[in-house]
Amino acid sequence: MIRRLLTNFYHSFPIQLLVLHFRKYQVILVFWLLLASTINSGFMQSFGADALFFVPEYLGNVNALSAAIIGVATGIFFMSWNITTFILHSKRFKFLATASKPFLKYCINNAILPLAFLLFYLARMIRFNIHKELMSAGDIMILVGGFIGGLVLHITFSFIYFFGADRRILREIAPVVENSEAFKAQFDPAKNHQKDGFGLKVGYYLSTRFKLRKARVVSHYNQDFLDTIFKRHHFAGMVGIMLAFIFLITIGFFLDVRFFQVPAAASVIIFFAVMLSVIGALSYFLKSWAVLFVIGLIIVLNILYSTDIIDPRNKVYGLNYNNVNERPVYDRQELQSLCTPAKIDTDRANMLQILKNWKHKQHKDKPVMIFINVSGGGLRSATFVMNTLQKLDSITNGQLMQRTFLISGASGGMLAATYYRELYRKKVKGQNIDLDDKRYTNNITQDLLNPIFSSMIDRDIFSPAQKFSVGNYRYIKDRGYAFEEKLKANTDGILNTQIKDYVTDEKAATIPMIIFNSVVTIDGRKMMIGTQPISFMMKPAAFKNDDNIMADGIDFGALFAKQDPLNVRVATALRMNATFPYILPNVWLPTEPIVDVMDAGLRDNFGQETTLRFIENFKDWIQDNTGGVIILQIRDRTKDSWQSSLETGSVIDIITKPGTILQHNWYKFQDYTQTDQYSYLREDSTTNNIHRITFNYIPENQDMSAALNFHLTALEKKDVIASFNTSPNQIMLKKLLTLLK
């Protein structure tokens, strides 16, 4: 009896479908795996992908409407899954062809994976929003209700559409079925008899009323008749998928309109739905030729790319790419020509005048000079840097920014430092700005990940290329553009500036200078963007006259002197400085040969290398004209932190450890090298009055530290801001106040 029950259970339609999914076309299960891993805070967790699904943002708000959009997108994915697998597998379950509402019955019996995913998603959503977003039960229920409402709404409309398709198919087939002579002439069972009346063996299936029904034998039907029924349902399903595809194109085309800026998770889910259907279509129509087709498509795309017919590369917004014949050559001779002894002397003379201008604005004969170094680290670093700068400038009664000469660093820290400097500039120019206003820290904590993912899916992949202008130059909108626009919106538009807007103020030392760094990917050289010529920063001062020592840094303004370098947008310089691999596009530069740049953290995640080289160049002036130097580091992680072993105790370590050891220890390598550089500078008799003060983000719980990404949860924001008050940071504060007396 038990054996019979188990046999019937195994041969039931839902179980046979589940088994079939794992036996055939396993590639389409990858999408379920990616979604499940993402909401389980696994896949791309370090980039904050899970938060996109649990706290979706629409029109600047996280509410029932934004959750409903995710629900609708999930419904589209569920229907795409059902349609695709119905097309692929229906021939194996021939009894469906003679059943009423065959697609509805298929969906009911194919619901194991969607239901499991739905329950898992809701459980994770509730847990995440309780513990990470600190939401109340009422707020969570609003999101859950919105999500379920959107899901039910889409599924309801989908089945209304398919019910209509069923009726239409029935109307078209009925005249043939009712006319026995016409039916026999067109679908004579003797002419195309089936070898198997079932396809795969199925004993029972769930009806539309969720009751068990025995599957019918359909061996007496002509195979052509069954194929006709299925193909008409397949066509109805394909129309539904095409609507999802058109939706993505529409969203991408109108992405600049806030109404169309749907939550990023919705775009990702719909993208998965479309890709699932594309893979299904290739498998269905091309069968064993599908792999060759994909290989051929890649070859064609590569030819189009290599011949510049298509060009998805991101550019420096504001830079002139049109004067092709005047592009600089990127080679040893060209770079060496930018830092000749004569050129260095000229640029040093210009900088010495700026140093004098800075000193003239101080209230002491020998003031302490401050260099601010900020670390990369996404929004956790941006939040910590912004909050720390506000606190320090307030506690020192405005002395911090007045005494700061240069700001350098990477990624998230530079977003906040540049924002704070712009607020300071506006205040100096007479605007009524309270630098201690908490809304500025709140502004910089706002999400930047949503527009990046939305643009990546809707615009970069599907939408036709759209362009925008910076002055006389045109550029393609992509996720880099979306990042900059959201950054400007988050900061109330005050970062809608260009490098040229700061030339006068930096030269007069009205505000601290900033050097925006990025890294040339082919050789690791530092690309330095600033308002002033800085050839002396291109190689160590000790090797100024040594032609055998190659420059390891590049003065962006000098290299691209004919490409209008001061026209570059500040938001673009920040993005080049903060180019997370894959999340933001590498930026290509108009050189011969073409090179591209990425995140400054690859070379100097803490900004200290830039500071030390500057001090080295002007150590004599600093010794004679200042009361010492403070290198103020604001970091998103502590130095010399002791981490547990990277090994997991599994055999996978043998494969992964050689490839991940560099990634996990890269920032430590930089710390070791920069500490060494700092020690050499300290030993120099002319620069021994130098102090390094470091404020670190120290999480309350080391195992629950804020993620390194462009999205912070409410708990992470609270933890990062509170970190300024930790004991080590308060000790550093006292030391800073003592040095500034």
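Residues numbered from 1 in each chain as written. Predicted model: local features only at pLDDT ≥ 70, side-chain atom pairs only at ≥ 80, totals over all residues. Heavy atoms only, no water.

### Brief notes about the overall build of the protein
Helix and strand counts for the protein come out as 29 helices and 14 strands. Taking all 741 residues of the protein together, 54% fall into the buried category. In the protein, once contacts between residues fewer than 6 apart in sequence are set aside, the share between residues at least 24 apart is 80%. Surface exposure of the protein reaches about 33000 Å², of which carbon and sulfur atoms provide 60%. (Helix = DSSP H or I, 4+ residues; strand = E, 2+ residues; numbered from the N terminus. Buried < 20%, exposed > 50% of the residue type's maximum accessible area, 1.4 Å probe, protein only. Contact = heavy atoms within 4.5 Å. Areas by Shrake-Rupley, 256 points an atom, 1.4 Å probe, with all protein chains shown as cover.)

### Some remarks on the environment of phenylalanine 543
For phenylalanine 543, the location among the structural elements is in the loop between β9 (526–529) and β10 (553–555). Separated by 202 residues in sequence, phenylalanine 543 and proline 341 place their C-alpha atoms 9.7 Å apart.

### Concerning the pattern of salt bridges
Going through the model one piece at a time under the given rule, you end up with 22 salt bridges. Note that arginine 425 is salt-bridged to aspartate 505, the shortest N-O span being 3.1 Å. Of this pair, arginine 425 sits in helix α17 (residues 411–428) while aspartate 505 sits in helix α21 (residues 503–507), placing them 80 residues apart in sequence. A relative accessible area of 11% places arginine 425 in the buried class. (Salt bridge = Lys/Arg side-chain N within 4 Å of Asp/Glu carboxyl O.)

### Concerning unusual backbone geometry
Of note, the amide linkage connecting glutamate 592 to proline 593 takes the cis form, showing an omega dihedral of -5°. Residue placement: proline 593 occurs in the loop between β11 (587–589) and β12 (595–598). Positive phi, close to 50°, is recorded for serine 411, a residue that is not glycine. Positionally, serine 411 belongs in helix α17.

### Considerations on the pairing of strand β3 (residues 369–374)
Most of β3 sits out of view: six of its six residues are buried. Residues Met369, Phe371 and Asn373 of β3 are buried on one face, and the alternating residues Ile370, Ile372 and Val374, pointing to the opposite face, are buried as well. In this structure, β3 lies alongside strand β13 (residues 629–635), joined through six bridges in parallel fashion. Looking at the pairing, asparagine 373 lines up with glutamine 633 of β13. (Pairing = 2+ DSSP bridges.)

### Thoughts on the packing of helix α20 (residues 479–490) against helix α23 (residues 570–577)
Following both chains from N to C, one finds α20 and α23 inclined at 115°, their axes separated by 10 Å at the closest point. The interaxial crossing formed by α20 with α23 has right-handed handedness. Between α20, through Gly480, Phe483, Glu484, Leu487 and Lys488, and α23, the contact on the second element is made entirely by Ala571, Thr572, Leu574 and Arg575. Residue composition of the contact of α20 with α23, by class: four nonpolar, two polar and three charged. (Axes fitted to C-alpha atoms, helices over the stretch in contact; angles between N-to-C directions. Left-handed = near helix turned anticlockwise from the far one by under 90°. Nonpolar A, V, L, I, M, F, W, Y, C, P; charged D, E, K, R; others polar.)

### A look at the sheet that holds β13
With parallel pairing, five strands are arranged side by side in an open sheet as β7-β4-β3-β13-β14. Since the sheet does not close on itself, it has two edges, and those belong to β7 (513–514) and β14 (690–696), each with one partner. Relative to β7, strand β4 (residues 404–409) runs parallel, the two being bridged by two bridges. What sits directly across from leucine 406, in β7, is methionine 513. Across the sheet, helix α15 (residues 378–395) is in contact with β3, β13 and β14; its angle to β13 comes to roughly 140°.

### Description of the sheet that holds β11
Reading across from one edge, β10-β9-β8-β12-β11 is the order of the five strands in this open sheet, with mixed pairing throughout. Taken across any chain shown, the strands that pair with only one partner, and hence form the sheet edges, are β10 and β11. Geometrically, the sheet is characterised by an average inter-axis angle of 35° between neighbouring strands, direction not taken into account. Note: strand β8 (residues 516–520) against β9, four bridges, orientation antiparallel. Its bridge partner being in β9, asparagine 517 is matched across the sheet by methionine 528. In the packing of α23 onto the sheet, contacts are made with β8, β9, β11 and β12, and the angle to β8 comes to roughly 50°.

### Some remarks on empty space enclosed by the protein
On inspection of all chains with the given rule, the structure shows five cavities of 30 Å³ or more. Approximately 80 Å³ is the volume attributed to the largest cavity. Lining the largest cavity, in full, are Gln45, Gly48, Asp50, Ala51, Phe128, Lys132, Ala707, Asn709, His711, Thr713 and Glu716. In the lining of the largest cavity, the residues fall into three nonpolar, five polar and three charged. (1 Å grid on protein atoms, 1.4 Å probe; cavity = no way out; pocket = protein on both sides within 12 Å on 5 of 7 lines; lining within 4 Å. Points joined across faces, edges and corners; volume = space filled by probe spheres on them.)

### Observations concerning the pairing of β9
Residues of β9 alternate between two faces, with Lys526 and Met528 on one and Met527 and Ile529 on the opposite face, all of them buried. Counting the residues between successive antiparallel strands, the hairpin from β8 to β9 contains five residues, one of them, glycine 524, with a positive phi of roughly 80°.

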